[in-house]
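One-letter residues, chain by chain:
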Amino acid sequence: MFVRTSLRCLLFVLCFVLLLGAASFAFGEVVLKAGSPFKEGHILVEAATKFKELLEERSGGRLQVELQIAQASEEDVNTQCAEGTIDLQFTGGRPVEVFAPQYFFFNAPYVIKDYDHFLRVWNGHLGEEAKKLVLQNGNMLCLGTVYRGFRQMTSLKPIRRPEDLIGLKLRLPVVKTWIAVWESLGVEPVPVPLPELYQALKEGKAEASEGDLPQIYSFKLYEVQKYLGITNHLVGVGWVTMNKNSMEKLSPEDQELVRNCIAEACQWATEKIKSGEDELLAKLRELGMEVIYPDADAIREKAKPAIEKLFAVEWPVTTWEEVLAQ
């Protein structure tokens, strides 16, 4: 009798659990994992946080977002999103670099003039072709971009002219096209993953870095670097991609909701950077960085042969002239 009663109780519990599971499925309860290699305070982390707020509010909590912030490098976060270990990423140019390398001029020094120019090219036929390759080769949908501000230089010594770059130990991400351009300017590239940036500068492994103001600020580079050079050498852009399989698991209505929330979060973040660049520059000044204005035109001119070679060899789908003309 006791055995029968116990079996009935066990069956009742199992049925209850199954019903709960069925109910969760019926109501479409989903947790989306969103990763970013950047730290708290970076605009892409803020964009991810905004997306989480919007999606959870507009779905009534039915769609949840689990943020994974600064837990892995750009390289690893990109791989995780492509493989579906995480569902979305808020990152730099790694998706295009890896899965559409012939279009990586979108994220290269001195190629794009400003963010409006970027949007014209990205939303044109060249950008559409790049998005198709990211989907085809990386199983990811490109759902949004965020303006991160122009990339600038930080250093221990003032950089004012091209000759000041010769022999400079410059920390760079592990991006071969970027390295090629900077090597042509005479620097000694020090490839360091983003999470190790601060430590590399602190220990003297590198003596200079380049990056957007949000990166310089959020990584507290003002603690280990004296000079901030306004070179405007690259229009910083962040990408939001989503694993295709993760998207397809959602209902059509939820897919549209995700897309709309990403678009709104990206626009919010872009406007925040645009309106706050002067304030961020002032903060870095207050924190002790000396702001200087190098001869950016002279540096760009010296880099021109290397960039033209990259279009011929690495980015043969177009020319620098075609990109600049848009």
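Provided above is the structure to which this section pertains.
Criteria and cut-off values
Residues numbered from 1 in each chain as written. Predicted model: local features only at pLDDT ≥ 70, side-chain atom pairs only at ≥ 80, totals over all residues. Heavy atoms only, no water. Helix = DSSP H or I, 4+ residues; strand = E, 2+ residues; numbered from the N terminus. Expected span 1.5 Å × (residues − 1). Bend = angle between axes of the 7 residues up to and from the residue. 1 Å grid on protein atoms, 1.4 Å probe; cavity = no way out; pocket = protein on both sides within 12 Å on 5 of 7 lines; lining within 4 Å. Points joined across faces, edges and corners; volume = space filled by probe spheres on them. Nonpolar A, V, L, I, M, F, W, Y, C, P; charged D, E, K, R; others polar. Polar contact = N/O pair within 3.5 Å; in protein donor to acceptor, adjacent residues only side chain to side chain. Contact = heavy atoms within 4.5 Å. Buried < 20%, exposed > 50% of the residue type's maximum accessible area, 1.4 Å probe, protein only. Salt bridge = Lys/Arg side-chain N within 4 Å of Asp/Glu carboxyl O.

Novice: How do you make sense of helix H11 (residues 252-286) when you look at a structure like this?
Specialist: Working note: α-helix, 3.6 residues per turn, so residues spaced by three or four point in the same direction. Between its terminal C-alpha atoms H11 stretches 49 Å, which fits the 51 Å expected from 35 residues at 1.5 Å a residue. Most pronounced at Gly276, the bend in H11 amounts to some 55°. Positive phi shows up at Gly288, right after H11, with a value of about 110°.

Novice: Just to check I follow, could you spell out the layout of surface pockets for this structure?
Specialist: Regions of empty space are outlined by a rolling probe, equal in size to a water molecule, passed over the atoms. Put simply, the largest pocket is a space of about 290 Å³. Glu46, Lys272, Ile273, Gly276 and Leu280 are the residues nearest the centre of the largest pocket, which is lined by 16 residues in total. Listing elements by their share of the lining of the largest pocket, those giving two or more residues are helix H2 (43-58), strand S4 (140-155), helix H9 (213-218) and H11. For the lining of the largest pocket, the element with the highest residue contribution is H11, accounting for seven residues. Grouping the constituent residues of the lining of the largest pocket by class yields six nonpolar, four polar and six charged.

Novice: Looking at this model, I keep getting lost on the side chain of His117. Mind explaining?
Specialist: Mapped onto the secondary structure, His117 falls in helix H5 (residues 115-122). A polar side-chain atom of His117 sits 3.0 Å from the main-chain amide nitrogen of Lys113. When near neighbours in sequence (up to four residues on either side) are disregarded, His117 contacts Val111, Ile112, Val323, Leu324 and Gln326.

Novice: Honestly, helix H3 (residues 74-83) in this entry has me stumped. Any pointers?
Specialist: Those residues of H3 lying buried are Glu74, Glu75, Val77, Asn78, Cys81 and Ala82. Summarising the contacts, the buried residues of H3 are in contact with strand S1 (30-36), strand S3 (88-91), helix H4 (94-99), helix H6 (125-138), S4 and strand S8 (227-243). One or two residues past the end of H3 sits Gly84, with phi positive at roughly 90°.

Novice: Which parts of the structure should I look at to understand the pattern of salt bridges?
Specialist: Note that side chains of opposite charge can pair when their charged atoms are close. Taken as a whole, this structure holds 14 salt bridges when the rule is applied. As a salt-bridge pair, Lys272 and Glu46 come within 2.6 Å of each other at their nearest N and O atoms. Highlighted residues: Lys272 in helix H11 and Glu46 in helix H2, separated in sequence by 226 residues. For Asp164, the salt bridge is made with Arg161, and the minimal N-O distance between the two is 3.5 Å. Residue class for Asp164 comes out buried when judged on its relative accessible area of 17%. Arg161 sits in the partly exposed class, given a relative accessible area of 38%. Through salt bridges with shared partners, a single network forms among Arg148, Arg151, Glu210 and Asp212.

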